[in-house]
Amino acid sequence: MQASQLHRDSHMSKRLCYQPIQGADTYCFSQLCSSAGNQRAQLNVDDIGDRFCTLESSSGSQGYAAHNSTSTVTFSSNGSTISQQDSRSNPSDQHNSIDYAYGSPVSGSSITDDLSDFRHKLRELESVMLGPDSDVIDSFDSIFQEGTENPEMGTWGQVMDVITKGSLKKILIACAKAVSDNDVLMAQWLMDELRKMVSVCGEPMQRLGAYMLEGLVARLASSGSCIYKSLRCKEPARAELLSYMHILYEVCPYFKFGYMSANGAIAEAMKDEDRVHIIDFQISQGTQWITLIQAFASRPGRPPHIRITGIDDPASAYARGGGLDIVGRRLSKLAKLYNVPFEFHSAAISGCDVQQKNLSIRRGEALAVNFAFMLHHMPDESVSTENHRDRLLRLVKGLSPKVVTVVEQESNTNTAAFYPRFIETLDYYNAMFESIDVTLPRQHKERINIEQHCLAREVVNILACEGAERVERHELLGKWRLRFAMAGFTAYPLSSLVNATIKTLLDNYSNRYRIEEREGALYLGWMDRDLVASCAWK
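Source: prediction; values computed, not measured.

**Q** Kindly report on the state of the cysteines, identifying the contributing residues and their values.
**A** Applying the stated criterion to the full structure yields zero disulfides. Its sulfur unpaired, Cys252 is 9.9 Å from the next cysteine sulfur, which belongs to Cys454.

**Q** Describe the environment of Ala372, listing the residues and the values that go with them.
**A** Along the chain, Ala372 falls in strand E6 (residues 366-372). The buried category is assigned to Ala372, whose relative accessible area is 6%. Expressed as a C-alpha distance, the spacing of Ala372 and Gln409, which sit 37 residues apart in the sequence, is 9.7 Å.

**Q** An account of the packing of aromatic side chains is needed here, citing residue identities and associated values.
**A** What characterises a pair of aromatic rings is the spacing of the ring centres plus the angle enclosed by the ring planes. Under the definition given, this model contains 13 aromatic pairs. Geometrically, the ring pair formed by Tyr249 and Tyr259 is tilted, given 6.4 Å between the ring centres and 40 degrees between the ring planes. Linking Tyr249 in helix H10 (residues 238-251) with Tyr259 in helix H11 (residues 254-269), this pair joins segments that are ten residues apart in sequence. For Tyr249, a relative accessible area of 2% gives the class buried. The class of Tyr259 is buried, set by a relative accessible area of 10%. Here Phe255 and Phe373 contribute two aromatic rings whose centre-to-centre distance is 5.5 Å and whose plane-to-plane angle is 75 degrees, an arrangement assigned as edge-to-face. In this pair, Phe255 sits in helix H11 while Phe373 sits in the loop between E6 and helix H14 (388-397), placing the two residues 118 residues apart along the sequence. Each member of the aromatic cluster is reached from another via a ring pair, and the members are Tyr249, Phe255, Tyr259 and Phe373.

**Q** Tell me what's going on with the pattern of salt bridges, and back it up with residues and numbers.
**A** If you walk through the whole model with that rule in mind, you get 26 salt bridges. We note a salt bridge from Asp437 to Arg207, for which the minimum N-O separation is 2.9 Å. Residue Asp437 is found in helix H15 (residues 418-439), and its partner Arg207 is found in helix H8 (residues 204-222); the two are separated by 230 residues along the sequence. For Asp437, a relative accessible area of 18% puts it in the buried group. Classification of Arg207 as buried rests on a relative accessible area of 0%. With a closest N to O distance of 2.5 Å, Glu466 and Arg421 form a salt bridge.

**Q** Requested: an account of the sheet that holds strand E7 (residues 403-409), with residues and values cited.
**A** On the basis of which strands lie adjacent, the open sheet formed by eight strands has the order E5-E4-E3-E6-E7-E10-E9-E8 and mixed pairing. Either end of the sheet is taken by a strand with one partner, and the two such strands are strand E5 (342-348) and strand E8 (513-518). Within this sheet the neighbouring strands show an average axis-to-axis angle of 15 degrees, counted without direction. Sheet analysis places E6 next to E7, joined by five bridges and oriented parallel. Across the sheet, residue Asn370 finds its bridge partner in E7, namely Thr405.

**Q** Please provide a residue-by-residue account of the packing of H8 against H15, values included.
**A** Running from N to C, H8 and H15 point in directions that differ by 150 degrees, and their axes come no closer than 9 Å. Between H8 and H15 lies a crossing of right-handed hand. The segment H8 lies against H15, with Pro204, Met205, Arg207, Leu208, Tyr211, Met212, Leu216 and Arg219 engaging Phe418, Arg421, Phe422, Thr425, Leu426, Tyr429, Asn430, Phe433, Glu434 and Asp437. Residue composition of the contact of H8 with H15, grouped by class: eleven nonpolar, two polar and five charged.

**Q** Explain helix H7 (residues 184-195) to me, and be specific about the residues and the numbers.
**A** With twelve residues, H7 extends 16 Å from end C-alpha to end C-alpha; this agrees with the ideal 16 Å at 1.5 Å per step. Extensive coverage of H7 is indicated by the burial of eleven of its twelve residues. Val184, Met186, Ala187, Gln188, Trp189, Leu190, Met191, Asp192, Glu193, Leu194 and Arg195 are the residues of H7 that are buried.

**Q** Lay out the nonpolar core with the relevant residues and their values.
**A** Core analysis: the largest hydrophobic core is formed by 106 residues, its most contacted members being Leu172, Met191, Leu216, Ile278, Val403, Phe422 and Tyr429. Ignoring sequence-local partners within four residues, the contact set of Tyr429 consists of Leu208, Leu455, Glu458, Val459, Ile462 and His474.

Rules behind the numbers
- Residues numbered from 1 in each chain as written.
- Predicted model: local features only at pLDDT ≥ 70, side-chain atom pairs only at ≥ 80, totals over all residues.
- Heavy atoms only, no water.
- Disulfide = S-S within 2.5 Å.
- Helix = DSSP H or I, 4+ residues; strand = E, 2+ residues; numbered from the N terminus.
- Buried < 20%, exposed > 50% of the residue type's maximum accessible area, 1.4 Å probe, protein only.
- Phe/Tyr/Trp six-rings, centres within 6.5 Å; stacked < 30°, edge-to-face > 60°.
- Salt bridge = Lys/Arg side-chain N within 4 Å of Asp/Glu carboxyl O.
- Pairing = 2+ DSSP bridges.
- Axes fitted to C-alpha atoms, helices over the stretch in contact; angles between N-to-C directions.
- Left-handed = near helix turned anticlockwise from the far one by under 90°.
- Contact = heavy atoms within 4.5 Å.
- Nonpolar A, V, L, I, M, F, W, Y, C, P; charged D, E, K, R; others polar.
- Expected span 1.5 Å × (residues − 1).
- Core = buried A, V, L, I, M, F, W, Y, C linked by side-chain atoms within 4.5 Å.

Here it is in structure tokens:
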């Protein structure tokens, strides 16, 4: 996840704005609050490597068109989907040829052009399993109800029971199990049912279900071989993407929590230093450093000389409207306003390619290294013999930093096999979609854009991609602890003063958010689900 440049004149920004706190022990923490479906569409997947794409830019109540495809996917003003159906499938040879039409997360398609033929074949199977008088096939379009006790299906009859009872979550799980087992006919059948149940304008599970269905279909259609390229949809306009990220930044506390906790550890570690060098391995818009510069400006005596080395993949330039020099100019202007001596060094390079020569290390500077929502993008030993995840940690340890800050999503999707990874993703992102639902009205004109461009691609990447193409590889904090320990780091517990300051952040949000301190780390959660973990090392 990334955060946009903070719009300081926004309503929430005013509520979270900086209020000076005097005193050498408290100045560092005063600035750590951020300024802060009746008809369904289909796409042909015969050439899925070239044409598969549904997560495209959209706005408000206008139509949403699928990019570069032979048919279009549109949203009507009420959130339903509109298009044609022209898919084909051969149920007798599903394991050898996946030649069927596929609906986007807000679309649908039939399993076959000859639905009566499919129903006839399915009735023959039902007759063997349930008896000749079964009328399940004739009525399965209208018998959805809640609940089942057995989501892991072993027979068609059990799956029919799940469909009859109509639990979207459990039908998603049953579909994932079919995909995991390479049971293509079962998976396609369940996907056809799921398309009737998901909606980008519905309840949180319906919205998340739309994107998880997207991931399931993508995985089934391509087996993960070329999906990374096929998901490269047309990017939204720069201003639009910045707007989406800004809204997410404001309505949910995930980024603010991460940035505040990291800044608190850096401010405390550097409180007696005259020259500070911060290496940010994913600087994005540079939003994190606004409040830290303000905090250093209020330090008793004179502020330290601050130098920031900002690293970011060149492919991220579209999200800034240009290169890293834009971030440098923005932060330099802010530092000048607060009379803080400041330098900016840019390194437009992927984290996998970073070497010490890119980091502009100087003698006499106290070093802080920031890994905020970044390390999970680095491939580890399960992907590459180079193991860039651990290589970066060893590289940083060799620089002798005073403090290293880590903020990561608290999820376990890195090395998990597809099916347990699906279950984990379903649970994790359902909590996120619920939290967005509390803040943004369900019909908010930008909410679809936020979920599409900020969250949906993560979901699809986790579910549909493997190997180097899967870039969303989250690990739990326990695993990060092991990696940092093996690299030679020791824990740097956050102070109680920093933690207390951060906890005030949640006063501006739903009371269903919670912050817990465990073993020197901070966790931000939604109800009983941990979502983000923050810790520091030295």
